[in-house]
Amino acid sequence: MTLYHGSNEDIQTIDLEKGLRFKDFGKGFYLTLDKSTAIRMAKKKARLFGGTPTLITYELPESALDSELKVKVFPEKASVEWLLFVDANRDRNHQQPVHDYDIVIEPIADDGVVLQLTNYREGIYSSEQAAKQLQDKYLDQQYYFGTRRALNFLQKTSSETV
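Residues numbered from 1 in each chain as written. Predicted model: local features only at pLDDT ≥ 70, side-chain atom pairs only at ≥ 80, totals over all residues. Heavy atoms only, no water.

**Q** I'm lost on the nonpolar core in this one. Help?
**A** Buried together is how nonpolar side chains tend to be arranged in soluble globular proteins. One finds Leu-3, Phe-29, Leu-31, Tyr-58, Phe-145 and Leu-154 to be the most contacted residues of the largest nonpolar core, which totals 19 residues. Among the secondary structure elements, those contributing two or more residues to this core are β2 (29–32), β3 (54–59), β5 (103–107), β6 (141–145) and α5 (148–151). Counting 14 residues, the second largest nonpolar core, distinct from the first, contains Tyr-30, Trp-82, Val-104 and Ala-130. (Core = buried A, V, L, I, M, F, W, Y, C linked by side-chain atoms within 4.5 Å. Buried < 20%, exposed > 50% of the residue type's maximum accessible area, 1.4 Å probe, protein only. Helix = DSSP H or I, 4+ residues; strand = E, 2+ residues; numbered from the N terminus.)

**Q** Would you mind showing me how to read the pattern of salt bridges here?
**A** If charged atoms from side chains of opposite charge come close, those side chains can pair. Tallying each qualifying case throughout the model produces six salt bridges. A salt bridge links Glu-81 to Lys-72; its shortest N-O distance comes to 2.8 Å. (Salt bridge = Lys/Arg side-chain N within 4 Å of Asp/Glu carboxyl O.)

**Q** Please explain the environment of Glu-17 as it appears in this structure.
**A** Summarising the element assignment, Glu-17 is placed in the loop between β1 (2–7) and β2. In this structure, the C-alpha to C-alpha distance between Glu-17 and Lys-27, residues 10 residues apart in sequence, is 7.6 Å. A polar side-chain atom of Glu-17 sits 3.3 Å from a polar atom in the side chain of Lys-27. (Polar contact = N/O pair within 3.5 Å; in protein donor to acceptor, adjacent residues only side chain to side chain.)

**Q** Just checking my understanding: could you explain the pairing of β5 for this structure?
**A** Successive side chains on a regular strand alternate, one facing one side of the sheet and the next facing the other. With five of its five residues buried, β5 lies for the most part within the structure. Relative to β5, strand β4 (residues 71–73) runs parallel, the two sharing three bridges. When the bridges of β5 are listed, Val-73 appears paired with Ile-105. Where the polypeptide runs from β4 across helix α2 (residues 80–90) and back to β5, its parallel neighbour, the crossover connection is right-handed. (Pairing = 2+ DSSP bridges. Right-handed = clockwise from strand over helix to strand, strands pointing away.)

**Q** When you look at the layout of surface pockets in this model, what are you seeing that I'm missing?
**A** Rolling a probe over the atoms, with the probe sized like a water molecule, indicates the empty space that remains. Each pocket or cavity is described by its volume, and for the second largest pocket that value is around 190 Å³. Taken together, 17 residues line the second largest pocket, and the ones lying closest to its centre are Gly-26, Lys-27, Pro-97, Tyr-144 and Gly-146. In the lining of the second largest pocket, the residues fall into six nonpolar, seven polar and four charged. (1 Å grid on protein atoms, 1.4 Å probe; cavity = no way out; pocket = protein on both sides within 12 Å on 5 of 7 lines; lining within 4 Å. Points joined across faces, edges and corners; volume = space filled by probe spheres on them. Nonpolar A, V, L, I, M, F, W, Y, C, P; charged D, E, K, R; others polar.)

**Q** Please clarify how the packing of aromatic side chains should be interpreted in this entry.
**A** Remark: the centre distance and the inter-plane angle together describe each pair of aromatic rings, the angle taken between the planes. Counted under the stated rule, the structure contains four aromatic pairs. Here Phe-29 and Tyr-58 contribute two aromatic rings whose centre-to-centre distance is 5.8 Å and whose plane-to-plane angle is 80 degrees, an arrangement assigned as edge-to-face. With a gap of 29 residues between them, Phe-29 in strand β2 and Tyr-58 in strand β3 connect regions that are remote in the sequence. Its relative accessible area of 7% is what places Phe-29 among the buried residues. Under the relative-accessibility criterion, Tyr-58 is labelled buried at 3%. Ring centres of Phe-74 and Phe-85 lie 5.2 Å apart, and the angle between their planes is 45 degrees; this geometry places the pair in the tilted category. In this pair, Phe-74 is assigned in the loop between β4 and α2 and Phe-85 in helix α2, connecting sequence segments 11 residues apart. (Phe/Tyr/Trp six-rings, centres within 6.5 Å; stacked < 30°, edge-to-face > 60°.)

Listed below in structure tokens is the structure:
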């Protein structure tokens, strides 16, 4: 399968230590199946941090998901389990990391999700109510790679300025 990463520079070697700790699934390397989402991210990163918006394309063999790697796949729609997983990873009061998966595949938590997480944390909604608020919202899928073992399956195929 083809996966995309948007950056403000070409990446020769993926460095997991450059990842931020309090992201949707924790510190790791994030990719998406959606090319336009990766291009948006590349432009956003270049605008925020300088550099050149760059789309990097990788291939991931389907066999990687059936290998010895520990893989967690969430449904494409928001669920209570997914909401609580994202909340735990983003919570600065939780000890990090909160999981030991090599790869996590789940919806991207965008601004609308952040609003519902805030509503959940502040007690305005239960986790069930917050997840239900997001059921009809389309959320792009993202692929999180959290270990070197997982990264070994990724093959970079191209890089281009966007």
